[in-house]
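# Topology and contacts: notes
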Number of protein chains: 2
Amino acid sequence: MPVSTTQALSDPRALSDLSHDDLVALHDEQTKAYDALVAKGLKLDLTRGKPSAAQLDLSNELLTLPGAAHYADASGVDCRNYGGLTGLLEIREIFAPLLNVPLDQLVAGDNASLAIMHDTLVFALLQGTVDSATPWVRDPVKFICPTPGYDRHFALCEQFGIEMLPVELGAHGPDLDAVRELLTDPAVKGMWIVPTYANPTGAVYTEEVTRALVEMPAAAPDFRLFWDNAYAVHHLTDHEVPAIDILGLAEAAGQPNRPFLFASTSKITFAGAGVAFFASSPANVAWYLQSLSKRSIGPDKVNHLRHAMHLKDADGVRALMRRHRDILAPKFAEVTSLLTERLGGYGVASWTSPEGGYFISLDVADGTATRVVALAKGAGIAMTGAGAAFPYGKDPRDRNIRIAPSFPAPADVTAAIEGLTICVLLAATEKLLAEA
Amino acid sequence: MPVSTTQALSDPRALSDLSHDDLVALHDEQTKAYDALVAKGLKLDLTRGKPSAAQLDLSNELLTLPGAAHYADASGVDCRNYGGLTGLLEIREIFAPLLNVPLDQLVAGDNASLAIMHDTLVFALLQGTVDSATPWVRDPVKFICPTPGYDRHFALCEQFGIEMLPVELGAHGPDLDAVRELLTDPAVKGMWIVPTYANPTGAVYTEEVTRALVEMPAAAPDFRLFWDNAYAVHHLTDHEVPAIDILGLAEAAGQPNRPFLFASTSKITFAGAGVAFFASSPANVAWYLQSLSKRSIGPDKVNHLRHAMHLKDADGVRALMRRHRDILAPKFAEVTSLLTERLGGYGVASWTSPEGGYFISLDVADGTATRVVALAKGAGIAMTGAGAAFPYGKDPRDRNIRIAPSFPAPADVTAAIEGLTICVLLAATEKLLAEA
C-alpha cells in the first residue's frame, strides 16, 4: 500500500465525542501550548520539496566535473560547443532503463522538467500537436487535474487560461469513471499525472489504472497525458516500484501519441543544476524537437557529461537514491510518528504514509486548513499555503495541508511537526466551539 | 566604418567589359579550377557562427569550477538548490556594465539567449505584454526584419506564423523611413535588431539611429524592439564600440517598455554551456519574471557561479574577448584578403569587412548565390544556404552568402575561401554566357 491513512473517529478521545466542558478544557490546553510555541520564536520552513544540504552533498563531485580538458563525449563531440538537441547519448543511456522508455525516444534537456512541460504545452497551444486539426489556443482548452496534486502543474494551466477539472485521486490513481466521463468533452486536451509517489499524497498508479488511462476513448484525438514521473526512483522503502512502461502500454492500446513523459535529476543530483528529460512516441518526439529547434541550438551538454560521469549508469542512480533514502526516510518516519502520537486519538486528521517521493498529505478538520496554516505561520512555521494542491488554490473542504519534510534538519522537522499538531488541534477545537 | 564594401565595376577586368571570347576563356579556366577543387576532396564547414576549439579552450577553467565544496554565492545562497529566478547577483554584476543596463533590470538565465527570445515572444503571444490589450495571438502579428539578418530570428517568426516585413539594413542601421512607414500598421508588434556587429553584415547601430527607433511613433502601443546584443563585446579591432544605453534612451523617449534586450556568453565562454541574459524596463522585467516563474523555479545557478569565478569582472570579460580577437581577427583578415585578391577585379562581388562579430556578408552576382552555394557544396565546402539571411529564406536578388570563418582552422579558412572564389567566378561566367 503506497498510501495509508490513519483515522480514529471511534477513539474514545475523539473530539466529536467530548463534552462541551472537555472541549473547552482541550481548547485552553492547546491555546497555552500554542502560546508557548509562539514564545519559542521558531523559524522553520516546510513549504517546498527541496533536497537538504546533506542530500546535495551526495553529488558534490559535480562541482569539479567533467574535469580539466575533459569535454568530449564518447563519440568525440565537443560538449562545449553548440548543438546536440536530443542531449548526450551517455546521459540518455543511464535514464532510459530507469524511466522504462526506449533510448531513441528519450530527450535530455536543461535543468527543469517543469520547463519542458511548459514548452510542450506552449507548442501545443500555438501550433497544435501531431494529432491536432488546429492550435489548441484557438478554442477553449480544459485539463483534468487529479487532486490533491502539484501546484506548479495547476499554475501552468492558470497562466494560459486552461480550465481545470478536478477529479479525486486515490491511492492507485484517479477516479476512472470521472475521467472517462470528462473525456467525452472534446475541449479536454490534457491530464496531469504524477504516476509514482504523487505530489502530495504519495499515490502510485498501477499498471491496471495506467492501461485504462491509455485505452479509454477521448473525444479529442489530441488528448495528452502529461505524465510527470518526477519521483520515478525516489523510493523510501525496500519496495522499489519500477516505472510503468507507459509508452509501450499506450502503443499497445493504439494511442501511441497520448503520453508526454517528463522527469529530471532535480531530486537526484542538484535541484537547480540537474538534467531534465522528455520522452514520448517517435512522432511526438519529432514534433517536440522540431519546435524546440527554433528555441534552442541545444542543451547544456557539459552538464550532461558531468552528470554521466557522476552517475555512471542506472545502477549508479539506484545506489545514489538509496543514500538519499537514508537521509529522507527517517524524516518521513518522524513526521508520521509524531502525527500518530499527537493527533492519532482525536479523530480530526488523517495523513498519508508514502513509500516514496517528497511529501506527506495531511487532511485536518474540514474548514480549518487555512486557519492551521495561519496559526503555524504565526508560530514561525512556514507551511505550503492551504489549498495549494488544488486547482485555483481552492480546496473545496479546506482541509488539505502538504508537508514537505525533506529540507529542514531532523531536529527542525520534529519541532515543526510538534508545533503543527498543536495548530491542528487548536483550530479543530476552535471550530467545534464556534459551532456549539 | 564598421562595414565597407569592395566593388570594382570600373576595373578593366570587370566581367561586364569582357568580350564573349574572353568570357568563354575565363569560364573554361574556372571550370578547370573547379574540377581541380573537387578533386581535392575537401570537407570544410563555414555554415554556422561557432567558436573554434582554440577559443573554447580559453574557458577550460569552467570544466573544474566552481571547485570542491564551493557552492555558495556571495550572499550564502546554496547554488545547488532550487530558486533564484533572476540569476546570481555576481554574474549580473559582471554583465550589467558591459551591456550598459542597470543591474536590477538584468536577469541571468540558462545557456541560450535564443531561448529567452522565444519565451518573451511566447509570453507576448499567449498573454500579451504590459502594454497589450489582448494576447498577440488573437490577431495577425507582423515583425519588421532588417535584412540581411539572423536566420534564427526569422525562424522564430515563421514558427509562430508572424508575418515578416523586410527592410534594408545599412552600415549603421535600417532604412528609418521604411521602418517609420511600417510602424503605422498596428499589427506590427516587433522588430528584430542585432545592434552591434549585426549578423551577417557587421552593421553597428549608432546612437542616433537608436534614438530614432525608440522615439518614432508606433501604431501598436505594445510594439517591441527585440534588441539582440549578441556581439556586444565581440570586437575585432582596437575600436571597441561600447554598448548603447538602449534602456536609458527608450526611457528618455517616453517609451521605456519598447526594448527587450538579449545577450549571452555563448561566444565568450562555452557556446553550448554559457549564460544568457534578458534586460528591459522594470515593468517588462517584472512581466517577464512573472511568466517565467511558471516555467522554471530558477536557472542553473551553479553555472552562474562557475562563470562568475572564471570571468571575475567586466574587465575580465574584456581581457578574454581580446584573446578571442587574437584567434578570430586573422581569420577574418584572411577572408577579406582572399576575396580582394581573387574577386577584387571582376566586379561581380562585394563583401563587408566587419569590425566585430562572427560573419562576413558576401554579395555575389545577382541570381547566382544559390548556384555558388551548390557549387561549393559539390566541392566539399559547406556554406550557409543561400537566402538564409532573409525572411522565409528568400533573398529577392539571390546574391547574399553568409561567411562564418570562426570555426575552421586557419588553413581550412584559406582553402574554403579560395574554393568559394572559384565558385563565385564560375557561377558569374555561367550566368553571363547563358544570357549572351
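Cut-offs and rules
Residues numbered from 1 in each chain as written. Chains lettered and ligands numbered in written order. Predicted model: local features only at pLDDT ≥ 70, side-chain atom pairs only at ≥ 80, totals over all residues. Heavy atoms only, no water. Salt bridge = Lys/Arg side-chain N within 4 Å of Asp/Glu carboxyl O. Helix = DSSP H or I, 4+ residues; strand = E, 2+ residues; numbered from the N terminus. Buried < 20%, exposed > 50% of the residue type's maximum accessible area, 1.4 Å probe, protein only. Pairing = 2+ DSSP bridges. Contact = heavy atoms within 4.5 Å. Axes fitted to C-alpha atoms, helices over the stretch in contact; angles between N-to-C directions. Least-squares fit on C-alpha atoms with pLDDT ≥ 70 in both. Phe/Tyr/Trp six-rings, centres within 6.5 Å; stacked < 30°, edge-to-face > 60°. Lys NZ or Arg CZ within 6 Å of the ring centre and 35° of its normal.

### Observations regarding the pattern of salt bridges
Applying the stated criterion across every chain yields a total of 40 salt bridges over all chains. In this structure, the salt-bridge partner of Glu341 of chain A is Arg342 of chain A, at a minimum N-O distance of 3.2 Å. Between Glu430 of chain B and Arg371 of chain B there is a salt bridge, with its nearest N and O atoms 2.7 Å apart. In this pair, Glu430 of chain B sits in helix H13 (residues 410-435) while Arg371 of chain B sits in helix H12 (residues 369-378), placing the two residues 59 residues apart along the sequence. Overall, Glu430 of chain B belongs to the partly exposed group, its relative accessible area being 24%. Exposure remark for Arg371 of chain B: the relative accessible area of 38% places this residue in the partly exposed category.

### So, the sheet that holds strand S4 (residues 163-170) of chain B
Residue and element names in this part refer to chain B. A sheet is described by the order of its strands in space; here eight strands give the open sequence S2-S9-S8-S7-S6-S3-S4-S5, paired in mixed fashion. Looking at the sheet topology across the chains shown, the edges are occupied by strand S2 (106-108) and strand S5 (173-174). In this fold helix H4 (residues 113-127) packs onto strand S3 (142-147), strand S6 (188-193), strand S7 (224-228), strand S8 (259-264) and strand S9 (276-279), with an angle of close to 155° to the strand it touches most, S8.

### Some details on the relation of the copies chain A and chain B
Between chain A and chain B, the superposition needs a rotation of 180° and an axial shift of 0.0 Å, giving an RMSD of 0.0 Å. One copy is carried onto the other by what is essentially a two-fold rotation axis. Within chain A, the C-alpha atom positioned nearest to the axis of rotation is that of Thr64 of chain A, 2.1 Å from it. When the interface residues of chain A are mapped onto chain B, 98% of them again fall at the interface, so both copies present the same face.

### Description of the environment of Pro282 of chain B
Turning to its location among the elements, Pro282 of chain B is positioned in helix H9 (residues 282-295). On a C-alpha basis, the gap between Pro282 of chain B and Asn257 of chain B in space is 8.3 Å, while along the polypeptide they are 25 residues apart.

### Digging into the packing of aromatic side chains
Scanning the entire structure with this criterion turns up 32 aromatic pairs over all chains. Centroid distance Phe226 of chain B to Phe262 of chain B: 5.9 Å. Interplanar angle 20°. Geometry classified as stacked. On the criterion of sequence distance, the pair formed by Phe226 of chain B in strand S7 and Phe262 of chain B in strand S8 is long-range, its members being 36 residues apart. Overall, the relative accessible area of 0% leaves Phe262 of chain B in the buried class. Ring-pair connections join several aromatic residues into one group, and the members of that group are Phe123, Trp136, Phe143, Trp192, Phe226, Phe260, Phe262, Phe278, Trp287 and Tyr288 of chain A. A cation sits over an aromatic face here: Lys267 of chain A above Tyr358 of chain A, 5.3 Å from the ring centre.

Functional significance is not addressed by these values, which are geometric in nature.
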